[in-house]
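Understanding the architecture of this molecule
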Amino acid sequence: MKDISKKLLEHFQNPKNVGVIVNADGYGKVENPICGDMTEMYIKVEKNILKDVKFKSYGCFATIASASALSEAVKGKKIDGILKGERTMEQLMDMVMKELGDIPKKKMHCPPAPIEAFLKAIQDYCAKKNEEKMVKKIDDVLSSVKCYYKVGLEE
Ligand code: FES
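Rules used in this analysis
Residues numbered from 1 in each chain as written. Predicted model: local features only at pLDDT ≥ 70, side-chain atom pairs only at ≥ 80, totals over all residues. Helix = DSSP H or I, 4+ residues; strand = E, 2+ residues; numbered from the N terminus. Rg over C-alpha atoms; globule rule 2.2 N^0.38 Å. Buried ≥ 20, exposed ≤ 12 C-beta atoms within 10 Å, placed from the backbone. Pairing = 2+ DSSP bridges. Axes fitted to C-alpha atoms, helices over the stretch in contact; angles between N-to-C directions. Contact = placed C-beta atoms within 7 Å. Core = buried A, V, L, I, M, F, W, Y, C linked by C-beta atoms within 7 Å. Parallel < 35°, antiparallel > 145°, perpendicular 65-115°, else oblique. Left-handed = near helix turned anticlockwise from the far one by under 90°. Nonpolar A, V, L, I, M, F, W, Y, C, P; charged D, E, K, R; others polar.

Things to note about the overall build of the protein
Scanning the protein from N- to C-terminus turns up seven helices and three strands. Taken against the 2.2 N^0.38 rule, which gives 15 Å for 155 residues, the C-alpha radius of gyration of the protein at 14 Å falls within 12% of a compact globule. Overall, the protein is about 45 × 30 × 25 Å in size when its C-alpha atoms are taken along their principal axes. Relative to its 155 residues, the protein shows a buried fraction of 39%.

Following this line, the structure appears as structure tokens:
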């Protein structure tokens, strides 16, 4: 594991926000299309703010570290702010990378899964509140996730 950053190792060995939120406001589950590993995300929302974010993952060290990093990066943020603009997926990837420091190229297909599960959890929350515009916007973001799984697999 010598090519792994200290921050990534720390998030893997001592992951933050592992678990389930009972009566979550939103829930998302994703099976990574490359390896089949599963990640679940739970969110608790108050006044449009992500009060709590928890995850369960049956993935590798990179997915666990990414889910931990993502949950730390988005907790306390406004949902509107996360979905603002046209670069939501790119911004979430940047947030995770910043929190992890670096990730081996061959593991680049792992972080998109917790991000996708998180977006699905927000979409679930918006659907329950009948916020159709937001649901549609998240559909558009989700349609862009596919290409992120392929990063690092070429060559
Ligand atoms: S989650 Fe399956 S290899 Fe990383």
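What about the sheet that holds strand S1 (residues 26–31)?
In spatial order, the strands read S1-S2-S3; together these three strands make up an open sheet with antiparallel pairing. The open sheet has two free edges, formed respectively by S1 and strand S3 (49–57), since each of these has just one partner strand. Averaged over all pairs of adjacent strands, the angle between strand axes in this sheet comes to 15°, irrespective of strand direction. Pairing geometry for S1 and strand S2 (residues 38–46), over six bridges, is antiparallel. Bridged to Val 30 within S2 is Thr 39. In the packing of helix H2 (residues 61–74) onto the sheet, contacts are made with S2 and S3, and the angle to S3 comes to roughly 170°. Contacting S1, S2 and S3, helix H5 (residues 112–128) crosses the sheet at an angle of about 145° to S1.

Focus on the pairing of S1
The alternating pattern of S1 places Gly 26, Gly 28 and Val 30 on a buried face, while none of Tyr 27, Lys 29 and Glu 31, on the opposite face, is buried. Connecting S1 to the next strand, S2, in antiparallel fashion are six residues, including Gly 36 with a positive phi near 85°.

Remarks on the pairing of S3
Bridging between S2 and S3 involves eight bridges; their strand directions are antiparallel. Paired with Ile 43 across the bridge in S3 is Val 53. Linking S2 to S3, which pair antiparallel, is a turn of two residues; within it Lys 47 sits at a positive phi near 45°.

A closer look at the environment of Pro 111
Locating Pro 111 in the fold gives a position in the loop between helix H4 (88–100) and H5. Not counting the four nearest positions on each side in its chain, Pro 111 is found in contact with Ala 62, Ser 66, Met 93, Val 96 and Ile 103.

Quick word on the nonpolar core
With 36 residues, the main nonpolar core has Met 41, Ile 43, Phe 118, Ala 121 and Ile 122 as its most contacted residues. Of all the secondary-structure elements, those providing two or more residues to this core are helix H1 (6–13), S2, S3, H2, H4, H5 and helix H6 (132–143). The element best represented in this core is H5, accounting for nine residues. Contact partners of Ile 122, with chain neighbours within four places excluded, come to Gly 26, Ile 43, Ile 79 and Ile 138.

Digging into the packing of H2 against H5
Packing of H2 against H5 leaves a shortest axis separation of 8 Å and a crossing angle of 45°. By the angle between their axes, H2 is oblique relative to H5. Classified by chirality, the crossing of H5 by H2 is right-handed. Packed against H2, whose contacting residues are Thr 63, Ser 66, Ala 67, Leu 70 and Val 74, the element H5 presents Ala 113, Pro 114, Ile 115 and Phe 118 at the interface. Taken together, the residues of the contact of H2 with H5 sort by class into seven nonpolar, two polar and no charged.

Quick word on the packing of H1 against H2
Packing of H1 against H2 brings their axes to within 8 Å, and their N-to-C directions diverge by 90°. Viewed along their axes, H1 and H2 adopt a mutual orientation that is roughly perpendicular. Along its contact with H1, which presents Leu 8, His 11 and Phe 12, the element H2 presents Phe 61, Ile 64, Ala 65, Ser 68 and Ala 69. Tallied by class, residues from the contact of H1 with H2 come to six nonpolar, two polar and no charged.

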